[in-house]
Amino acid sequence: MSPTLATLLTFAGILYLLRRDAVRGETQSPALWIPVLWLSITGSRFVSQWIDLGGTSGSNFTDGSPIDAVYFSTLIAAGLWVLYKRDTRLGEVVRNNGWIVALAVFSFISIGWSDESFIAFKRWVKTLGHPIVALIILTEPDPKAALRTVLKRCAMVLLPLSVLFVKYLPEIGRSYDPWTGAFTSRGAGLTKNDLGYVCMVSGIILAWNLLTLNRIADPRARRVEMVLSLGLLAMVIWLLGVASSATSVACLLVGVGVLLALGWRFVTKRFFGSFVVVVLLSGFALDSAFNLYENIVLMLGRDPTLTDRTVVWGDVLALQQRPIIGYGFESFWFGERMDAMWAKWWWRPTQAHSGYIETYLNLGLIGVGLLAMVLLSTFRRISRQLQTDFEFARLRMAFLFVVILFNYTEAAFKGVHFMWTIFFIIAMEMPRRPSADEAQPEVRT
């Protein structure tokens, strides 16, 4: 098949799937396109990078791109307008998400001791899009259906595009690996890791969709939904194979494993936290006895240094001179510190390749402590929700485990990262308000 024909068929298929989904999801608000547009760009390439398809970046690392600033600012403004029209009160958001607010406030305060305060401030403002996108989904009449709709639409766009780029437009969808010099597939993303985490999230939502097909009463509609989910899952498996992203493969297996494990009868939902502790302690014991971690890494085709990540961790930790407060929000990679890392590493790192170390470098031990409380409070909330809304809590728990594991080798607790948005969606809490019909008491005559 010629690249031109493949391109026409791909875009026609994407438009058909989106139109079909929009027609079937009549109860969903048009405002859900804001999260779709946000996640579709953060999960692929920024607008400036789409314009510069022949290069690897369309913006300056420190200053950013005006085009991207306009795009994200527009979505943030539109999201704020939607939340205003829905009468979303700031006080209610703060009361229900105390630890997340505390982390955001400390991040804002840390701008004061950044080497580049104005750049740090711009980056902080841009990250406001995460909670705004999350609140748009959570203030829908059915947040569970809204999240399903948003992530499915992202999968309908990014997965077919990635297959098209890898198979028929390799000048866009493939690039050289900076470590090995071999060709690597990146699909619609900027790197193979970008393609990997989009496939990972898509695989989890599609697996969850298959597990909850019984919600569809019409047998014919149920079969169509099953065929669509299986077709997209086939794309996920193929793309993960060509991307060779070990982190994303491992996280996908963990996410699907959590979905399945929570459905087992012997896993008591009420004491799921205790079950997790037992599993973790067993894992540590097995690792001590049989060197489990190194064997798994080797089985995934990676060296024990995780492609020099452990060496990079040692280098950046040696440069940390402010262990308590860090260097300010998104501010470690400036000046002499960045020069020192770029002088040693020819591929010029711009992150620590660990979300926890990256948080420590920027926000110090205080920031790491606040992040730990956010993760712990999120786990406790989802554990409680397992008793009241099992299917939604099941999905949230799977994503929580994936985010925690993913940030071991990738820094996703930063910037406008796709996985950072996913975390906000599953971590934030917003009590559901009754609809107008539900709020009106029954009138007896």
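Structure report, in brief. Given the structure is predicted, the values throughout are model-derived calculations rather than measurements. Residue numbers here run from 1 along each chain, matching the order of that chain's written sequence. Selection of residues for local features in this predicted model requires a pLDDT of at least 70, selection of side-chain atom pairs for listing and counting requires 80 or more, and totals for whole chains, interfaces and linings are taken over all residues. With hydrogens and water stripped out, all remaining heavy atoms of the structure feed into the side-chain values.

Further remarks concern the overall build of the protein chain. A run of DSSP states H or I qualifies as a helix once it reaches four residues; a run of E qualifies as a strand once it reaches two. Both are numbered from the N-terminal end. Each helix and strand in the protein chain was counted, giving 21 helices and two strands. A burial count over the protein chain gives 50% of its 445 residues as buried. Residues count as neighbours in contact if any of their non-hydrogen atoms are within 4.5 Å of one another. Within the protein chain, contacts between residues at least 6 apart in sequence are counted, and of these 74% link residues at least 24 apart. Method for areas: the Shrake-Rupley scheme with a 1.4 Å probe, in which residue coverage is limited to the protein chains shown. Summed over all atoms, the accessible surface of the protein chain reaches about 21300 Å², with 65% contributed by carbon and sulfur. Classification of residues uses two cut-offs on accessible area relative to the type maximum, computed with a 1.4 Å probe and protein chains only: under 20% is buried, over 50% is exposed, and between them is partly exposed.

Here we take up the side chain of Arg45. Mapped onto the elements, Arg45 comes out in the loop between α2 (33-42) and α3 (47-51). For the buried Arg45, no salt bridge exists, and the shortest N-O distance to an oppositely charged side chain is 7.2 Å, to Asp194. For this analysis, a polar contact is any N or O atom pair within 3.5 Å, provided that within protein one partner can donate a hydrogen and the other can accept it, and provided that sequence-adjacent residues contribute only side-chain to side-chain pairs. Engagement of the side chain of Arg45 in a polar contact is seen with the backbone oxygen of Ala188, the distance being 3.1 Å. His is not counted, nor are the chain ends, whereas Lys and Arg count as positive and Asp and Glu as negative. Salt bridge, as used here: a side-chain nitrogen of Lys or Arg that lies within 4 Å of a carboxyl oxygen of Asp or Glu.

Residue placement: Ile426 occurs in helix α20 (residues 418-427). When the C-alpha positions of Ile426 and Leu400 are compared, they lie 7.3 Å apart, and in sequence the two are 26 residues distant. In this view, Ile426 contacts Thr378, Ile382, Arg396, Phe399 and Leu400; residues no more than four positions away in its chain are not counted.

One non-glycine residue, Ser244, lies in the positive phi region at around 55°. Mapped onto the elements, Ser244 comes out in the loop between α12 (219-243) and α13 (246-261). Since its relative accessible area comes to 39%, Ser244 is described here as partly exposed. Not every positive phi belongs to a glycine, and His353 is a case in point at roughly 55°. Of note, His353 is situated in the loop between α17 (335-344) and α18 (355-385).

To qualify as a nonpolar core, a set must consist of buried Ala, Val, Leu, Ile, Met, Phe, Trp, Tyr and Cys residues joined through side-chain atoms within 4.5 Å. One finds Met200, Ile204, Met419 and Phe423 to be the most contacted residues of the largest nonpolar core, which totals 101 residues. The dominant element in this core, judged by the number of residues it contributes, is helix α9 (residues 143-167), at 14 residues. Ignoring any residue separated from it by four or fewer positions in sequence, one finds Met200 in contact with Ser248, Cys251, Leu252, Val402, Phe406 and Met419. Grouped together as the second largest cluster of nonpolar side chains are 14 residues, Val312, Val316, Tyr327 and Leu361 included.

We now examine the pattern of salt bridges. Tallied over the full model, the rule gives eleven salt bridges. Residue Lys152 pairs with Glu225 through a salt bridge whose shortest N-O separation is 2.6 Å. Separated by 73 residues along the polypeptide, Lys152 in helix α9 and Glu225 in helix α12 bring together distant segments of the chain. Note on Lys152: relative accessible area 5%, which makes it buried.

This paragraph deals with the packing of aromatic side chains. Geometry of an aromatic ring pair is reported as the spacing of the ring centres plus the angle between the planes. Stacked, tilted and edge-to-face are the three classes applied to pairs of Phe, Tyr and Trp rings, where Trp contributes its six-membered ring and a pair requires centres within 6.5 Å; stacked means planes under 30 degrees apart, edge-to-face means over 60, and tilted covers the rest. One pass over the full model with this rule turns up 17 aromatic pairs. Both rings, one in Trp81 and one in Tyr84, keep their centres 5.6 Å apart while their planes meet at 35°; by these two values the pair is tilted. A residue pair is termed a helical-turn pair when its members lie 3 or 4 positions apart in one helix, as Trp81 and Tyr84 do in helix α4 (residues 66-85) at three residues. Neither Trp81 nor Tyr84 differs from the other in exposure class; each is exposed. Judged by centre distance (5.6 Å) and plane angle (70°), the ring pair of Tyr356 and Phe413 falls under edge-to-face.

A few words on the packing of α18 against α20. When two helices pack together, their arrangement is given by the angle between the helix axes and by the axis-to-axis distance. Direction vectors running N to C along α18 and α20 enclose 50°, while the axes themselves pass 10 Å from each other. Classed by the angle they form, the pair α18 and α20 counts as oblique. Only Trp420, Phe423, Ile426 and Ala427 of α20 make contact with α18, whose side of the interface consists of Leu371, Val374, Leu375, Thr378, Arg381 and Ile382. In this count, Pro and Cys sit with the nonpolar residues alongside Ala, Val, Leu, Ile, Met, Phe, Trp and Tyr, while Asp, Glu, Lys and Arg are called charged and the others, Gly among them, polar. Residue composition of the contact of α18 with α20, by class: eight nonpolar, one polar and one charged. Each axis is a line fitted through C-alpha atoms, and for a helix only the stretch in contact is used; angles between axes span 0 to 180 degrees, taken between their N-to-C directions. Oblique is the label for every angle not falling under 35 degrees (roughly parallel), over 145 degrees (roughly antiparallel), or within 65 to 115 degrees (roughly perpendicular).

Before going further, it helps to spend a moment on a nonpolar patch on the surface. A patch consists of residues whose relative accessible area exceeds 30% and which take part in no salt bridge; residues with like charges are grouped when within 9 Å of each other, and nonpolar side chains (Val, Leu, Ile, Met, Phe, Trp, Tyr) when within 5 Å. Together, Val105, Phe108, Ile109, Phe118, Phe121, Val125 and Leu128 line one region of the surface with nonpolar side chains, adding up to about 600 Å² of accessible area. Going through the elements one at a time, α6 (98-110) and α7 (117-126) are the ones with two or more residues in the nonpolar patch. Tracing the backbone shows Phe121 in helix α7. On the accessibility criterion, Phe121 (37% relative accessible area) is partly exposed.

Turning our attention to the side chain of Arg148. Tracing the backbone through its elements, the reader meets Arg148 in helix α9. For the buried Arg148, no salt bridge exists, and the shortest N-O distance to an oppositely charged side chain is 6.4 Å, to Glu225. Side chain to side chain, Arg148 and Thr212 meet in a polar contact 3.1 Å long. Filtering out sequence-adjacent residues up to four positions away, Arg148 remains in contact with Ile205, Trp208, Asn209, Thr212 and Arg215.

Moving on, we come to α18. Because each turn of an α-helix spans 3.6 residues, side chains separated by three or four positions end up pointing in the same direction. Across its 31 residues, α18 extends only 27 Å between first and last C-alpha, which sits more than 12% below the 45 Å expected from 1.5 Å per residue. Its axis deflected by about 130° at Leu363, α18 carries its strongest bend there. In this analysis, the expected span of each helix is defined as 1.5 Å times one less than the number of residues it contains. Fitting one axis to the seven residues ending at a residue and another to the seven starting there, the bend at that residue is the angle between the two axes.

With that out of the way, let us pick up the packing of α2 against α4. Running from amino to carboxyl end, α2 crosses α4 at an angle of 155°, the nearest separation of the two axes being 10 Å. Between α2 and α4, the interaxial angle falls into the category roughly antiparallel. Handedness of the crossing formed by α2 with α4: left-handed. From α2, Ile34, Leu37, Trp38, Ile41 and Thr42 reach across to α4, where they touch Tyr71, Phe72, Leu75, Ile76, Ala78, Gly79 and Val82. Crossing handedness is read from the near helix: turned anticlockwise from the far helix by less than a right angle, it gives a left-handed crossing, and turned clockwise, a right-handed one.

Moving on, we get to the environment of Leu159. Relative to the elements of secondary structure, Leu159 occurs in helix α9. In this structure Leu159 comes out as buried when scored by relative accessible area, which is 0%. Setting aside its immediate chain neighbours within four residues, Leu159 contacts Cys154, Cys199, Ser202, Leu232, Met235, Val236 and Leu239.

Such coordinate-based values are descriptive only and should not be taken to indicate function.
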